[in-house]
Amino acid sequence: MVNSPQACLVAGRKDIGAEVASSTATTEKLFVFLLFFFSGASGLIYQVAWVRMFTHIFGSTTIAVSTVLAAFMAGLALGSYVFGVVADRYKRQSLLFYGILEGAIGAYAFALPHLLSSVESLHVAIYRNYEPGSWLFILIRFVICLVILLLPTTMMGATLPLLAKFLVRQFKTVGRGLGILYATNTAGAVIGCYLAGFHLIASLGVTRTMHVAVLVNLVIMGAACLAHFLYVRVANEDTMGGEAAPVAERPLENYDSGKSRIIVFCFALAGFASLCYEVLWTRALVFFMGFSTYAFSAMLTTFLLGLALGSFLFSRIADKSNDRYFLFFKIEAVIGLWGILSIPLFTWAFYKLQERWEYYVNIDLSWEYTFHYKFLKAFLVMILPTTLMGAAFPVVCRIFTSDLKKLGRDVAAVYSANTVGAIVGSAAAGLVIIPLLGTQKGIVLIGAVNILIAMVALFMSTIPARRKALALAATGGAAAIVLIFSSRDVVLRAPWEQWESLLFYEEDSMALVKVFRTEDGRTVLSIDGDTLAGTGEIMQTNQKMLAHLPMLLHDDPRTVLIVGFGAGGTSYSMSLYQPDRIDCVEFVPSVLKAAPFFDEVNHGVLSSPIYNVTLDDGRTFLLTSEDTYDVLSVDTIDPKHYGSSNLYSRDFYELCRQRLNPDGIMVQWLPFSWLTCRELSAVFASFASVFEYPTLWFNRHFTYFLMVGSNHELEIDYQRLSERMSDAQIADDLRVIHLTDPAQFLYCFAADTDAFRQLASEAPKLNTYDMPVLEFFKYNAGETVRCQPLIERKGMPKLTNLGKTPEEEALVRKKIEDHLNIANYIILTLHCDEAKEAVQRWRYNQAALKLNPSDVVARWLLPYSEVLLRKQQERIVASIREKPSPDRFSLLADFYYQLGEFAPAIAVMEEGLQSFPDSSEMRLQLADYYETIGNSKAASLHRKAALTN
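Residues numbered from 1 in each chain as written. Predicted model: local features only at pLDDT ≥ 70, side-chain atom pairs only at ≥ 80, totals over all residues. Heavy atoms only, no water.

A.B. asks: Give a detailed account of the confidence of the model for the protein, specifying residues and quantitative values.
C.D. replies: Residues of the protein with pLDDT of at least 70 account for 89%, and the chain-wide mean is 83. For the stretch residues 233-253, pLDDT sits under 50, and the model shows 37 contacts to residues farther than four places along the chain or on other chains. Here residues 357-367 is modelled with pLDDT under 50, and outside its nearest four sequence neighbours on either side it reaches 17 contacts, counting other chains as well. (pLDDT = per-residue confidence, 0-100. Contact = heavy atoms within 4.5 Å.)

Now the structure itself:
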């Protein structure tokens, strides 16, 4: 049959119209996906920022953080569930509603910091009237978080069903549409997590980072509303652009509502398992990657990336699969099996793979290399299970969705069920599973949950019974194999934790605590891989200095607060001054259980009637307490540890100052070995911005600083100090750290107030809650302060009553001066570059010993100084053997000359002249050496020879 020209023209017009409609639909989809991508990025930025803001109010305990996260996710679940109905009812306005919600989220987020200021005072009042650990208190705090976060998070949760209804117009592409939509939003979350965790907060601070997300929301609002009026047709169309296409409804006989509801319940369990994995893997990765902000951000970024990748990859598979129940079975089974194996896999990746890698590759020890290398290994272990977790979403949505007319409600039901499961999982992992089972057994349990979900899906599958039996047998066999590989209890340990015997090992909701004995007989306390306290000499020095320094500086300390129990050495030393009350705040419950292993350090101080311990976050205690103190001693974890930098911030110091009596003194431990000079200056500046009279002290071994702050100038009555130090019990305790008289006590002084402020003046920024300078660090090898940040002591404290007579005063001044000179030489010793200035280091060390041959620090440093000296000599000799040159002979001769070994210096130069007789520089140097030993004749001969060359 031949078509007429008119028929051909009509057909051509239809083809062109369909092509234009298809092109328009594709453009609209890409545009909406782009909006949802940025929506995901802003949502994760909000989550990171809001969790930080709320933990500053409620504290950093697991319960407090879980409360905030639960409130956040509860809003997401509620928003998805409620707006699922709205999306179905107002299909053509869904893009408009989406834009309005995004703008409202941004507006609320902008106002949130102002709301939190009133929440803080409310929380303080509740804290003072209810038992902080009680369920009623936890419930009240959850309600507060929910009230504040419910509106914005509900609006966030609403966006998925709204856009799902807008985009998905054909039943056969439900899996593809929802999978890509979810993947796009999660991919945006990956970018948001990466930017917030690695760049934005570090450069802009928390509040301005949130403002960036606000700006993104407002742009999304404008773009979405504009798109609504430009693209959306008023006509009753079920497809985007072009003529309406018939909707292919699923035959009712192929849809089993009972089975689909069971699968949604299983998906809720899968959400529970996913969040449990996140918490448990975070705990495990502390020992492989460290517990810095970047390690946590890398883990979360990997987790989100896997979810996005899985949802994208399985979006088409979900539509094409003939048996989605069986597909869901395979997904959950692999997640469970891989999850059970994850701890052995982490061990393999971080230890076994490390050995193989270092065999083939020269390892660059820069921060960027080592961190990204660790991130890569964690990524390799986590990417498969997280990808499959993301794959489950489009598959379950495809199973549960029965009709496009209620697509919004179905998507909302799936998403909200998974989110509710995640809420329970995040709380259960930290509060129940870890304390009862530990990390490894907890992961095995969660893996079993995934396998149980898989079994339920398998029995609902339509595959033949024989295939079901084979699948069941294969899963059971694989589970038995992985359990064999994972059955050995794994002791999570950092590479530097080496012991002869493990005495105590317990995980609680806050941390993993270990007590072990080293080969040299020391007993060490470790928290999440950080060795913090123990019976070794230097560790005891750290603990006791935090007690004796403020207690000796204060005229009459009656009330004391200690932040951080550790091994209890600080608490015991403070009790020797017999104050009226000692309060202690400890963050990790298991630390107190480990106390009996350190009886020789703490002497059972926990049973003292004047001693009171509170298990809480130190900042929360200071914020909510009504008590004030004469002495406040802060012994916290390393400032680079995630969340710990807050305890070195201006905001924290303000709280400390408020809890001090008018004549009170604060002291804080400040390690400098992993800080740069700029970071140290930021801490000094933050401290000096609060306390009018800051001073800086060393511990007895010069291995870390002690910052002392007060709002009155400290005056040290020398005779009174001597009397207090001569008390029998105090003297015995001080003798352990080699402080036997006031002159040795002053020997630890580093910088007076003026010098302290001068050091602080170099800070680029203050360290605050909003601008956490210390937490966000990126440095290369050599940039950190490895030995000693000060070249010399600066200033002196104000001393009075040095002696009863001028003669006695003169003797005391001379004694103090000698000890300070020893300290100066030790500071210079530690400041020398270990590789390049070994000779100078040894000379400073010798000078200190000459002033006092029994000085414990100088004697302690001498063997190491001699080792460095020998290594430098060996390097120079090796370089001469490899390629002799006048410069290398001169360098070796100068090495001996600086040591005062003139004969070897001359011998080296004479040997060098045999190989290089025309070197005028060598002859002049040799002439100087002969002049030094009084051989003027030889000196003259070499000078003449140098002139004739």
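On we go.
A.B. asks: I'd like a rundown of helix H8 (residues 293-320), residues and numbers included.
C.D. replies: Here H8 spans 42 Å end to end across 28 residues, near enough to the 40 Å set by a 1.5 Å rise per residue. Maximal helix bending in H8 amounts to about 40°, located at phenylalanine 314. For H8, the tally of buried residues reaches 20 of 28 residues, placing the bulk of the element in the interior. (Helix = DSSP H or I, 4+ residues; strand = E, 2+ residues; numbered from the N terminus. Expected span 1.5 Å × (residues − 1). Bend = angle between axes of the 7 residues up to and from the residue. Buried < 20%, exposed > 50% of the residue type's maximum accessible area, 1.4 Å probe, protein only.)

A.B. asks: Pulling in residues and values, what's your account of the pairing of strand S2 (residues 512-517)?
C.D. replies: Among the 6 residues in S2, 5 count as buried, and that is most of the element. Sheet topology places strand S1 (residues 501-507) next to S2; 6 bridges connect them, and they run antiparallel. Bridge pairing links phenylalanine 504 to valine 515 in S2. Turn length for the S2-strand S3 (residues 523-527) hairpin, with the two strands adjacent in sequence and antiparallel, is 5 residues, and the turn residue glycine 521 shows positive phi of about 90°. (Pairing = 2+ DSSP bridges.)

A.B. asks: Tell me about the side chain of threonine 475, and please be specific about residues and values.
C.D. replies: Residue position: threonine 475 is located in helix H12 (residues 465-486). If near-sequence neighbours (up to four positions away) are discounted, threonine 475 is found in contact with Phe329, Ala333, Leu337, Ile451 and Met455.

A.B. asks: Give a detailed account of the sheet that holds S2, specifying residues and quantitative values.
C.D. replies: Ordered by their spatial adjacency, 4 strands build an open sheet running S1-S2-S3-S4, and the pairing between neighbours is antiparallel. The open sheet has two free edges, formed respectively by S1 and strand S4 (530-534), since each of these has just one partner strand. Each neighbouring strand pair of the sheet contributes to a mean axis angle of 20°, computed without reference to strand direction. Contacts from helix H13 (residues 537-553) reach S3 and S4, with the element oriented near 75° to S4. (Axes fitted to C-alpha atoms, helices over the stretch in contact; angles between N-to-C directions.)

A.B. asks: Break down the pattern of salt bridges for me, citing the residues and quoting the values.
C.D. replies: One pass over the structure, following the stated rule, counts 21 salt bridges. With a shortest N-O distance of 2.8 Å, arginine 398 and aspartate 319 are connected by a salt bridge. On the criterion of sequence distance, the pair formed by arginine 398 in helix H10 (residues 367-400) and aspartate 319 in helix H8 is long-range, its members being 79 residues apart. Pair check on accessibility: arginine 398 and aspartate 319 agree, each one buried. For arginine 657, the salt bridge goes to glutamate 654, with nearest N and O atoms at 3.0 Å. Within this pair, arginine 657 and its partner glutamate 654 are both found in helix H18 (residues 650-658), separated by 3 residues, close to a single helical turn. Several salt bridges converge on common partners, so that one network encompasses Asp556, Arg558 and Asp580. (Salt bridge = Lys/Arg side-chain N within 4 Å of Asp/Glu carboxyl O.)

A.B. asks: Mind laying out the packing of aromatic side chains, listing which residues take part and the relevant values?
C.D. replies: Inspection of the entire model under this criterion finds 31 aromatic pairs. Ring geometry for tryptophan 499 and phenylalanine 516: centres 5.1 Å apart, planes at 40°, overall tilted. Of this pair, tryptophan 499 sits in the loop between H12 and S1 while phenylalanine 516 sits in strand S2, and the two are 17 residues apart along the sequence. A centroid spacing of 5.9 Å and a plane angle of 45° characterise the contact between phenylalanine 687 and phenylalanine 756, whose relative ring orientation is tilted. You can see phenylalanine 687 sitting in helix H19 (residues 677-688) and its partner phenylalanine 756 sitting in helix H23 (residues 753-760), a full 69 residues away along the chain. Phenylalanine 756 matches phenylalanine 687 in its accessibility class, with the two residues each being buried. Through a chain of ring-to-ring contacts, the aromatic side chains of Phe652, Tyr653, Phe672, Phe684, Phe687, Phe691, Phe698, Phe702, Phe705, Tyr747 and Phe756 assemble into a single cluster. Here the guanidinium or amino end of lysine 259 rests over the ring plane of tyrosine 325, the centre of that ring lying 5.6 Å away. (Phe/Tyr/Trp six-rings, centres within 6.5 Å; stacked < 30°, edge-to-face > 60°. Lys NZ or Arg CZ within 6 Å of the ring centre and 35° of its normal.)

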